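# Summary of the model geometry
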Amino acid sequence: MSSNQSNPVEIGGEVFDCADCGACCRCYPIFASARDAEREPLLRERCVKVDNFLGKGEVAYRMYPLANTEGCAFLGSDQLCRIYGSRPELCRRFESGSEQCRHARNRVGVGRGRNR
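Note that this is a predicted model, so its numbers are computed, not measured.

## Quick notes on the overall build of the protein chain
Regarding its fold elements, the protein chain presents five helices and six strands. Moving toward the C terminus, one meets the helices and strands of the protein chain in the order β-β-α-β-α-α-β-β-α-α-β. Here the protein chain holds 116 residues, and 36% of them are scored as buried. For the protein chain, the proportion of contacts with a sequence separation of at least 24, taken over those separated by at least 6, is 67%.

## A few points about the side chain of Arg 87
Along the polypeptide, Arg 87 turns up in the loop between strand E5 (61-64) and helix H4 (89-93). Buried within the structure, Arg 87 lacks any salt-bridge partner; Glu 89 is the closest side chain of opposite charge, at an N-O distance of 8.5 Å. Within the structure, Arg 87 has its side chain in polar contact with the backbone oxygen of Tyr 84 (distance 2.6 Å). Setting aside residues up to four positions removed in sequence, Arg 87 forms contacts with Arg 39 and Arg 92.

## Looking at the packing of aromatic side chains
Counted under the stated rule, the structure contains one aromatic pair. Aromatic side chains Tyr 28 and Phe 94 sit 6.0 Å apart centroid to centroid with 50° between the ring planes, which places their arrangement in the tilted category. Residue Tyr 28 is found in the loop between helix H1 (24-27) and strand E3 (30-32), and its partner Phe 94 is found in the loop between H4 and helix H5 (99-108); the two are separated by 66 residues along the sequence. With a relative accessible area of 21%, Tyr 28 lands in the partly exposed category.

## Digging into the sheet that holds strand E4 (residues 48-49)
Reading across the sheet, the three strands line up as E3-E5-E4 and stay open at both edges, with antiparallel pairing between neighbours. The strands lining the two open edges of the sheet, one partner per strand, are E3 and E4. Relative to E5, E3 runs antiparallel, the two sharing three bridges. Note that in E5 the partner of Ile 30 across the bridge is Tyr 64.

## Side note on the environment of Ala 104
One can find Ala 104 in helix H5. You can call Ala 104 buried: its relative accessible area is 1%. Taking the C-alpha atoms as reference points, Ala 104 and Cys 25, separated by 79 residues in sequence, lie 8.7 Å from one another. Each residue touching Ala 104, except ones within four places of it in the same chain, is listed here: Ala 23, Cys 24, Cys 27 and Tyr 28.

## Points about the nonpolar core
Ranked by size, the top nonpolar core spans 16 residues in total, and within it Ile 30, Leu 43, Cys 47, Tyr 61, Met 63, Cys 72 and Phe 74 carry the most contacts. Secondary-structure elements contributing two or more residues to this core are E3 and E5. No other element matches the three residues that E5 contributes to this core. Filtering out sequence-adjacent residues up to four positions away, Tyr 61 remains in contact with Ile 30, Phe 31, Ala 32, Ser 33, Ala 37, Leu 43, Arg 44, Cys 47, Val 48, Lys 49 and Val 50.

What counts and what doesn't
- Residues numbered from 1 in each chain as written.
- Predicted model: local features only at pLDDT ≥ 70, side-chain atom pairs only at ≥ 80, totals over all residues.
- Heavy atoms only, no water.
- Helix = DSSP H or I, 4+ residues; strand = E, 2+ residues; numbered from the N terminus.
- Buried < 20%, exposed > 50% of the residue type's maximum accessible area, 1.4 Å probe, protein only.
- Contact = heavy atoms within 4.5 Å.
- Lys, Arg positive; Asp, Glu negative; His and termini not counted.
- Salt bridge = Lys/Arg side-chain N within 4 Å of Asp/Glu carboxyl O.
- Polar contact = N/O pair within 3.5 Å; in protein donor to acceptor, adjacent residues only side chain to side chain.
- Phe/Tyr/Trp six-rings, centres within 6.5 Å; stacked < 30°, edge-to-face > 60°.
- Pairing = 2+ DSSP bridges.
- Core = buried A, V, L, I, M, F, W, Y, C linked by side-chain atoms within 4.5 Å.

Below you can see the structure in the form of structure tokens.
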């Protein structure tokens, strides 16, 4: 599997695959850290730098929502992440098929995972 491919998850006979969805990228706010921007320099160019008023350092760039966008700055029209291999840690921790995943799919009208 290349670094730009997702890892499908099967739950209860349904397969949840980030590669054919993008619901979380259109539903939840997405932030990246300065460390994420070191790994993926495009974050500095295409996202909004946020003030670190909490002094935590975990939030440095806002990827979504941004003005005039319907999803993350890196989500293509085909619902594929353009930086999947170097995506932020927040995105890496988001679990396919989780309650949050199913909520996002419902909210944006993607529906359930595909049947096995």
